[in-house]
Amino acid sequence: MSRLQSLAEATGDFEGLTTDHEDFRHSLRSFLKRVSPEPEVRRLMATESGFDPALWRQLADQLGLQGQTIPEEYGGSGYGYLELGVILEELGRAAVCAPFFATVVLAANALMLVGDDSANADLLPGIASGETVATVAVTEENGSWQPSDLTMTAHPAGDGWTLDGTKAFVLDGLSASLILVVARTAGGLSLFAVDASAPGLTREPMPTMDETRKQAVLDFAHTPARLVGGPGGLEPVFDRWLDLAVVALAAEQVGGAQHCLELSVEYAKVREQFGRPIGSYQSIKHKCADMLIQVESARAAAHYALEAAATGSPHLPAIASLAKAYCSEAYSFVAGETVHIHGGIGFTWEHSAHLYFKRAAASELLFGDPDRHRDAFVRRIGLGSTR
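K.L.:
Give a description of empty space enclosed by the protein that names residues and reports values.
P.N.:
One way to see where empty space is left: roll a probe the size of a water molecule over the atoms. The full count for this structure, using the stated rule, is one cavity of 30 Å³ or more. Here the largest cavity defines a volume of roughly 120 Å³. Around the largest cavity, the lining residues are L91, V96, A98, F100, F101, D172, T212, R213, E252 and R359. Considered class by class, the residues forming the lining of the largest cavity number five nonpolar, one polar and four charged.

K.L.:
Which residues make up the pattern of salt bridges, and what are the values?
P.N.:
Tallied over the entire structure, the rule returns 19 salt bridges. The salt bridge involving E89 is made with R25; its shortest N-O contact spans 3.2 Å. Note that E89 is positioned in helix α5 (residues 81–94) and R25 in helix α2 (residues 19–35), a separation of 64 residues in sequence. The exposure classification of E89 matches that of R25, with both residues buried. Of the charged contacts in the structure, one is a salt bridge between E252 and R213, with a shortest N-O distance of 2.4 Å. Taken as a pair, E252 in helix α8 (residues 238–270) and R213 in the loop between β6 (201–206) and β7 (215–228) lie far apart in primary sequence, 39 residues in all. Bridged by salt links that share partners, the residues E22, R25, R29, E89, E90, E296 and R299 form one connected network.

K.L.:
Can you tell me about the side chain of S363, naming the residues and giving the values?
P.N.:
Turning to its location among the elements, S363 is positioned in helix α11 (residues 352–365). Assessed through its relative accessible area of 1%, S363 is described here as buried. Leave out the neighbours within four places in its chain, and S363 touches R213, L249, E252, Q253, K324 and S328.

Criteria and thresholds
Residues numbered from 1 in each chain as written. Predicted model: local features only at pLDDT ≥ 70, side-chain atom pairs only at ≥ 80, totals over all residues. Heavy atoms only, no water. 1 Å grid on protein atoms, 1.4 Å probe; cavity = no way out; pocket = protein on both sides within 12 Å on 5 of 7 lines; lining within 4 Å. Points joined across faces, edges and corners; volume = space filled by probe spheres on them. Nonpolar A, V, L, I, M, F, W, Y, C, P; charged D, E, K, R; others polar. Salt bridge = Lys/Arg side-chain N within 4 Å of Asp/Glu carboxyl O. Helix = DSSP H or I, 4+ residues; strand = E, 2+ residues; numbered from the N terminus. Buried < 20%, exposed > 50% of the residue type's maximum accessible area, 1.4 Å probe, protein only. Contact = heavy atoms within 4.5 Å.

Below, the structure written as structure tokens:
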């Protein structure tokens, strides 16, 4: 039980967001409201790439979003995970169609954690400037994020390497110009950089429930690749990389849940039945109260995880799983209640409630469902397993 106690005590070491963070949040929210309203989100969802390259460069040039956590020596701003969390909450709140998560959370983090100075100097400046759209190809046809289930292989070829195999469920895999591929070598899990135009690489879109986040299947046939770090260089940092991705997703889920709550409260004020707003009925009041509790509890869990990531807390693995399990279920609950409060119109694809309901359902499964993360949490605090 000592690990659980130390985890609880660690909460007191975290200070939370500052007024500067909140000022940044309000500025970003105003910007996104102007450049990415829902009609624009729906327009981009229907395109193959799923994003607007002009907006992507605007996010970099005007706000520097892509370079927030990238060190200054590589063209970034050198901020941390608290700042990234604010960005992701607002992107999730607006359901922005952009390859930010794949590029910044997955690809940039992978490069920085592996720590290949030469590769970082070559690849990170393009990400920070908005010139590069990047992703990490991890999962295969079984969809598992567990290292033991990753079987794709890399082979030495002259002065370089070649890749053979298939990666599936690759976020923004169709639009990425830089693909970081997780593959096995004799040294273990390794990271390889592949240019989107490399010979032997074919990319096909995957049908997805959440059309705001595109996915793809990538096939590699003797595809030339650049080894990032040494053989097996990803092995010792893979778990931390995945924990950081999970924390980032939790922040995004909080933003989406917050928007669903706001939609529901506003609708309850204006929709009338039997001559009075539906928000005056006790059943709707209870729904909104339950939603508020879920959103605020999820926000507390996500911010706790963001602070753990920002401070390098040794408790990050447990906290990440805790946040992912709670925020996933909170977002799905709130999105479902939003549909119910809106009634028949909420079940139609044309309504905002349905848009966020699908995002919540897809995000709940990304990086493992809540049951898997609850089990991981129990194991990580030393209490065995729930299974």
